[in-house]
Amino acid sequence: FLNGPGQAFPTAVSPDGLSTYTVRRDTGDIEVYQRDVPTGDLLFEQTVIHNQAESLAISPDGDHVYVVGSGANDVSRYERNAVNGQLTYELPLGGSFLFDNAGEIRISSSGDQVFITGREEFETHASVTFVFDRDQSTGALTHAATLDPVFGVFIGTSIAADLAHIVAGIDVALGTQRGAHFEV
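Residues numbered from 1 in each chain as written. Predicted model: local features only at pLDDT ≥ 70, side-chain atom pairs only at ≥ 80, totals over all residues. Heavy atoms only, no water.

### A look at the packing of aromatic side chains
Under the counting rule described, the total for this entry stands at two aromatic pairs. Aromatic pair Tyr 33 and Phe 44: ring centres 5.8 Å apart, planes at 75°, arrangement edge-to-face. Within this pair, whereas Tyr 33 is found in strand β5 (residues 30-35), its partner Phe 44 is found in strand β6 (residues 42-48), the two being separated by eleven residues in sequence. Seen from their ring centres, Tyr 78 and Tyr 89 are 5.5 Å apart, and the 70° between their planes marks the pair as edge-to-face. Placement of the pair is Tyr 78 in strand β9 (residues 75-80) and Tyr 89 in strand β10 (residues 87-92), with a sequence separation of eleven residues. (Phe/Tyr/Trp six-rings, centres within 6.5 Å; stacked < 30°, edge-to-face > 60°. Helix = DSSP H or I, 4+ residues; strand = E, 2+ residues; numbered from the N terminus.)

The following block contains the structure:
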């Protein structure tokens, strides 16, 4: 986290160590900095306007940055320039699932899955974790499952997904342990 006046800002460093990205809590925008690896000094590079960004994550290959905003279904994908770290907007996530109040976003170390915490927009408004399969060549995300630890419900759009792998991936990515019973 970078510290600002009275606030801490979610921050991520690119896998190559050359870029740092932070969410400004006062504007919800993303700031991009070039990073001098030997000294750790940061040089401002770019501001990306993003309405109320909450958290961000960088793919393990360093090709994409994903940003979660506080609005409904507000997940965006940016292409990352490997030379200067600048971001180019690609697409919002979209899809048939609905959530609001998104919180954290994490990417598995293998880069093949993305996990987003949030609340379902309809029915229970329960806290859930959305699981997405990530196309490593394009960065595109496809909704794979919704995990609701409160009610012990697992709803998958790709039932062939390995539930144990997904739950373990969520635990590793979010730094949690889940004791709830999950059903397919």
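### Considering the sheet that holds β5
With respect to topology, four strands assemble into an open sheet ordered β3-β4-β5-β6, the strand pairing being antiparallel. Each end of this open sheet is capped by a strand with a single partner; those strands are β3 (11-13) and β6. The mean inter-strand angle of the sheet, taken between neighbouring strand axes irrespective of direction, is 20°. The sheet contact formed by strand β4 (residues 19-23) and β5 spans five bridges and is antiparallel. Residue pairing across strands places Val 23 opposite Ile 30, the latter belonging to β5. (Pairing = 2+ DSSP bridges. Axes fitted to C-alpha atoms, helices over the stretch in contact; angles between N-to-C directions.)

### Some words on the confidence of the model for the protein
In this model, the protein carries a mean pLDDT of 76, and residues with pLDDT of at least 70 account for 65%. Note on residues 157-165: pLDDT under 50 across the span, and ten contacts to partners over four residues away in sequence or across chains. Every residue in residues 176-184 is under pLDDT 50, and counting partners more than four places away or in other chains gives 22 contacts. (pLDDT = per-residue confidence, 0-100. Contact = heavy atoms within 4.5 Å.)

### A look at the pairing of β5
Between the antiparallel neighbours β4 and β5 lie six residues, among them Gly 28 with a positive phi of about 80°. Bridge analysis of β5 against β6 gives six bridges, and the strand direction is antiparallel. Within the sheet, the bridge partner assigned to Gln 34 lies in β6 and is Leu 43. In textbook terms, the turn of a hairpin is the stretch between consecutive antiparallel strands, and for β5 and β6 this stretch comprises six residues, one of which, Gly 40, has a positive phi near 80°.

### A few points about the side chain of Asp 29
Counting through the fold element by element, Asp 29 comes out in the loop between β4 and β5. Notably, Asp 29 is buried but unbridged: the nearest opposite-charge side chain belongs to Arg 24, and the N-O separation is 5.9 Å. In this structure the side chain of Asp 29 is engaged in a polar contact, spanning 3.2 Å, whose partner is the backbone nitrogen of His 50. Ignoring any residue separated from it by four or fewer positions in sequence, one finds Asp 29 in contact with Thr 22, Val 23, Arg 24, Thr 47, Val 48, Ile 49 and His 50. (Buried < 20%, exposed > 50% of the residue type's maximum accessible area, 1.4 Å probe, protein only. Lys, Arg positive; Asp, Glu negative; His and termini not counted. Salt bridge = Lys/Arg side-chain N within 4 Å of Asp/Glu carboxyl O. Polar contact = N/O pair within 3.5 Å; in protein donor to acceptor, adjacent residues only side chain to side chain.)

### What about the pairing of β4?
Counting buried positions along β4 gives five out of five residues, so the element sits mostly inside the fold. Across three bridges, the pairing between β3 and β4 is antiparallel. In the strand pairing of β4, Thr 11 is matched with Thr 22.

### Description of the sheet that holds β9
The strands making up a sheet associate through hydrogen bonds between their backbones, and the pairing can be parallel or antiparallel. The four strands are arranged β7-β8-β9-β10 in an open sheet whose pairing can be described as antiparallel. The open sheet terminates on both sides in strands that have one partner only, identified here as β7 (53-58) and β10. Shown here is a sheet whose adjacent strand axes are inclined to one another by a mean of 25°, direction ignored. Relative to strand β8 (residues 64-69), β7 runs antiparallel, the two being bridged by five bridges. Residue pairing in the sheet places Ser 55 in a bridge with Val 68 of β8.

### Points about the side chain of Ser 76
Mapped onto the elements, Ser 76 comes out in strand β9. The exposure class assigned to Ser 76 is buried, which follows from its relative accessible area of 5%. Discounting residues that sit within four places of it in the chain, Ser 76 has contacts with His 50, Val 65, Tyr 66, Val 67, Tyr 89, Leu 91 and Pro 92.

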